[in-house]
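Take a look at the letters that make up each chain.
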2 protein chains.
Amino acid sequence: MTHAHGLSIDDALALIAAKIAPLPAEDVDLDRALGRVLAEDVASYLDVPGFDRACMDGFALRAADSFGASPYEPVSLTVVGAAPAGHASPPVGPGQAVRISTGARLPVGADAVVPVEHVEVRGGRVRLVAAVAPGKHVARKGEDVRQGAALLEAGRRLRPVDVGLLASVGRARVRVHRRPRVAVLTTGDELVAPGQPLPEGRTYEANGALLVACARAGGLDARRAGPVADTREALGAALDACDEDLVLSTGATSAGPDDVLPELVAARGELWFRGVDMRPGHPVAFGRVGARVHALLPGNPVAAWVCFHALARPALRLLEGEPRAAALAPRLRRPGRLAAKVTSTAGRTDLVRVTIDDAGAVTPLGGGAAALLAASRAHGLLRVPRGLEGLEVGADVWVEVVE
Amino acid sequence: MTHAHGLSIDDALALIAAKIAPLPAEDVDLDRALGRVLAEDVASYLDVPGFDRACMDGFALRAADSFGASPYEPVSLTVVGAAPAGHASPPVGPGQAVRISTGARLPVGADAVVPVEHVEVRGGRVRLVAAVAPGKHVARKGEDVRQGAALLEAGRRLRPVDVGLLASVGRARVRVHRRPRVAVLTTGDELVAPGQPLPEGRTYEANGALLVACARAGGLDARRAGPVADTREALGAALDACDEDLVLSTGATSAGPDDVLPELVAARGELWFRGVDMRPGHPVAFGRVGARVHALLPGNPVAAWVCFHALARPALRLLEGEPRAAALAPRLRRPGRLAAKVTSTAGRTDLVRVTIDDAGAVTPLGGGAAALLAASRAHGLLRVPRGLEGLEVGADVWVEVVE
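About the cut-offs
- Residues numbered from 1 in each chain as written.
- Chains lettered and ligands numbered in written order.
- Predicted model: local features only at pLDDT ≥ 70, side-chain atom pairs only at ≥ 80, totals over all residues.
- Domains from an automatic or database assignment.
- Helix = DSSP H or I, 4+ residues; strand = E, 2+ residues; numbered from the N terminus.
- Expected span 1.5 Å × (residues − 1).
- Bend = angle between axes of the 7 residues up to and from the residue.
- Buried ≥ 20, exposed ≤ 12 C-beta atoms within 10 Å, placed from the backbone.
- Pairing = 2+ DSSP bridges.
- Axes fitted to C-alpha atoms, helices over the stretch in contact; angles between N-to-C directions.
- Parallel < 35°, antiparallel > 145°, perpendicular 65-115°, else oblique.
- Left-handed = near helix turned anticlockwise from the far one by under 90°.
- Contact = placed C-beta atoms within 7 Å.
- Nonpolar A, V, L, I, M, F, W, Y, C, P; charged D, E, K, R; others polar.
- Least-squares fit on C-alpha atoms with pLDDT ≥ 70 in both.

## Points about the domain arrangement of chain A
So, point 1. By domain assignment, chain A separates into domain 1 (9–23 + 179–328), domain 2 (25–48 + 144–177), domain 3 (53–139) and domain 4 (333–401).
So, point 2. Averaged C-alpha coordinates put domain 2 of chain A and domain 3 of chain A at centres separated by 36 Å.

## Notes on helix H7 (residues 301–320) of chain A
All names here are of chain A.
So, point 1. Taking 1.5 Å of rise per residue, the 20 residues of H7 would be expected to cover 28 Å, yet its terminal C-alpha atoms sit only 25 Å apart, more than 12% below that figure.
So, point 2. Its maximal kink placed at Phe-308, H7 deviates by approximately 50°.
So, point 3. Across the 20 residues that make up H7, a large majority, 20, are buried.
So, point 4. Looking one or two residues beyond H7, the residue adopting positive phi is Gly-321, at roughly 110°.

## A word on the pairing of strand E24 (residues 349–356) of chain B
Residues and elements named next belong to chain B.
So, point 1. Burial analysis of E24 places seven of its eight residues in the buried class, which makes it a mostly covered element.
So, point 2. Across two bridges, strand E19 (residues 278–279) lies against E24 in parallel orientation. The partner of Arg-279 across the bridge, within E24, is Asp-350.
So, point 3. Of the strand pairs in this sheet, E24 and strand E26 (residues 380–384) are connected by five bridges, and their pairing is antiparallel. Residue Val-354 lies in a different strand from E26, and its bridge partner there is Gly-380.
So, point 4. Counted along the chain from E24 to the antiparallel partner strand E25 (residues 361–364), the turn is four residues long, and its residue Gly-360 has a positive phi close to 90°.

## Description of the packing of helix H4 (residues 207–217) of chain A against H7 of chain A
Residues and elements named next belong to chain A.
So, point 1. As a packed pair, H4 and H7 sit with axes 10 Å apart at the nearest point and diverge in direction by 20°. The angle between the axes of H4 and H7 places the two elements in the roughly parallel class. H4 and H7 meet at a crossing whose hand is right-handed. Contacts from Asn-207, Leu-210, Leu-211 and Cys-214 of H4 reach H7 at Pro-301, Ala-304, Trp-305 and Phe-308.
So, point 2. Here the residues of the contact of H4 with H7 sort into seven nonpolar, one polar and no charged.

## Quick notes on the interface of chain B and chain A
So, point 1. Each side of the interface is counted separately: chain B has 73 residues, and chain A has 73 residues.
So, point 2. Top contributing element to the side of chain B that touches chain A by residue count: helix H3 (residues 160–168) of chain B, with eight residues.
So, point 3. Grouping the constituent residues of the side of chain B that touches chain A by class yields 37 nonpolar, 18 polar and 18 charged.

## Brief notes about the environment of Gly-367 of chain B
All names here are of chain B.
So, point 1. Here Gly-367 lies in the loop between E25 and helix H9 (372–377).
So, point 2. In this structure, the C-alpha to C-alpha distance between Gly-367 and Asp-144, residues 223 residues apart in sequence, is 52 Å.
So, point 3. Setting aside residues up to four positions removed in sequence, Gly-367 forms contacts with Val-302, Arg-353, Leu-373, Ala-374 and Ala-375.

## Quick word on the relation of the copies chain B and chain A
So, point 1. In the superposition of chain B on chain A (RMSD 0.0 Å, axial shift 0.0 Å), the rotation amounts to 180°. A rotation of that kind, with that shift, is consistent with a two-fold axis. In terms of C-alpha distance to the rotation axis, chain B has Arg-334 of chain B as its closest residue, with the C-alpha 3.3 Å off the axis.
So, point 2. Both copies share a contact surface, since 100% of the interface residues of chain B are interface residues in chain A too.

## A look at the sheet that holds strand E4 (residues 58–61) of chain B
Residues and elements named next belong to chain B.
So, point 1. Strand order in the open sheet formed by six strands is E7-E4-E6-E5-E9-E8, and the pairing between neighbours is mixed. Every other strand in the sheet has two partners, leaving strand E7 (112–115) and strand E8 (119–122) as the edge strands with one partner each. Across the sheet, the mean angle separating the axes of adjacent strands is 35° when strand polarity is ignored.
So, point 2. Where E4 lies against strand E6 (residues 96–100), four bridges are found, and the strand directions are antiparallel. Considered in E6, the bridge of Leu-61 is made with Ala-97.

So this is what it looks like as structure tokens:
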């Protein structure tokens, strides 16, 4: 099943989202959970802190004992022991104090902490020159997290602070979606691996390194396959050798006689679409063979890179378990204002490589579908919508920041 | 040598930048270069494309032959062969055309390409219904990159598209700075590893998982050391066992009697500063032992996390080889407008956890130095400058986006 040309990027994303389900869940050690997408709602099975806890190094006391203390009428308390963090301590009676460390449980009888910097310690006594309110420098049991509180929702991609939060409630393992395994399959008889001598009429292969790096920037490892020769047999054999969850191919997806990849995918499974009204990237196609998703990207490196951002990365995020809205949205956008006119053609979405400065000025960069040098100068992509023939100087725009 | 309290964050960063030199350079395979910082200026030793190159699948021809072609007076050319990418092709004479693939070298005699979609092919002839300009659908030799052109500068952190660019000019290896090895040394008798039973009065250790994740989010691996007991002997032995380039410790750096880490570092090397006028994070200290940098972060998890972003990450970036200005600046900032008042205390910089929505509305989140739950809701940090006692609703602010 192929779709006619005329698909918008949004149409293509809708087809991708309708076809891709998250990969199964698995339990992993917390130290391996960073960047993974949660497959469970996490609630806390305990209070944090688990007890009334000192937030400062100092002295635990009964706040009422300090009332009325001033530099003129200091209050003196007897130090009856110490409460180091993680250890037992004596109780605090009237007129008494206990030396306490940050993180230690408040001794029985005490209801406040006075920091060591605010008191004078002499012999076995501590002298206060100001009153302390009950609860001062004490974190109450459950103040940060209440037992049963919802912490993190399924579908969330775990950030460092989320990992810390999970540790703080005692989680050593967490349920996340399996990560997609990725293959990068480049095609083209003209391609030569970097580092090798370059014969006349041949070109160094950039797409393999580029797309492996794109996958790795998203935390995914990718196997290199290719460059594969431009023959139906070689391409078919290369497809059949893939057992990854998603195959990023480049080239052999346009209108030429050697552009047989879409047919080969269709013959083995189904083609979801071929051709999207975007520039660069028009020849892009998607489909599947069994459970394996095929992202057929164009051969021009910048077009492949743009299609990765606009279509393949959302597909990977869906496999990783992100909810549809999060998976399809650009990760990070910055508002700005166009510093130069952009011309486009109605009927297709242009993805223009742009810079954006601190003041929000957005400047389009030149360069065609092959010009990696211009793309490497870009901070992000600016979409010129299908219905417009361009954008004027001063237009308010969003820039999709690219890593 | 210790510095008195009263240091601003900028003072602390200036000390860090004055003390830290980039790690030595090494050559790595391009596939391992993503995220590394270049230790060489890269220029191209070849033209890209290396020859006049077809940008479309179609027919190579002499543009002059097409002049005057129209639907009423089509021009017909004889197809004399094919130019597949990476292979030799026959020359194109007057009245002739050669079938050509994207990426192929333009045959001798040809000066333009007409896409296959725009012509009618019948028998051995191709029929044009429109004129083609010389140079159409041809990328000129050196059009993307001129031999000798500067591509990437030393000090640049390599993004995926940079890796592609390096591959496109034939680079299989690249000179980058060595990555810092990191240790995460947590301290505190009260700490229990996540997954273990939690005795009364004890707390799950969040800082280890949190800081390993912070390092990993920056592409660095980190060794876990600790939790180490709160004794001078245990802490000294743990310090002496570190041979990493940077040690992130948490706790034992405040004003209490057990807070001996700054002294232990000073005794073995030098302390650059102890105490920064910031909240959270005031007890933070930095120093070195031999070539090893010590970032002594506070024990409260949110304070440790904020100090990682504000001070330790810049230190890591300097070790990684980023130039001073790039290393000390927040990676990514978004402009916004405060949706609620923020109060602070003059004389210290507050780093407030905030959310920012698509419209740029910035909302401060509650929670103290231990409240990871509130921090996990934050999109970024907002700095309230030292000289101010707060920020009013509607103030224009920058949010430092955190991963």
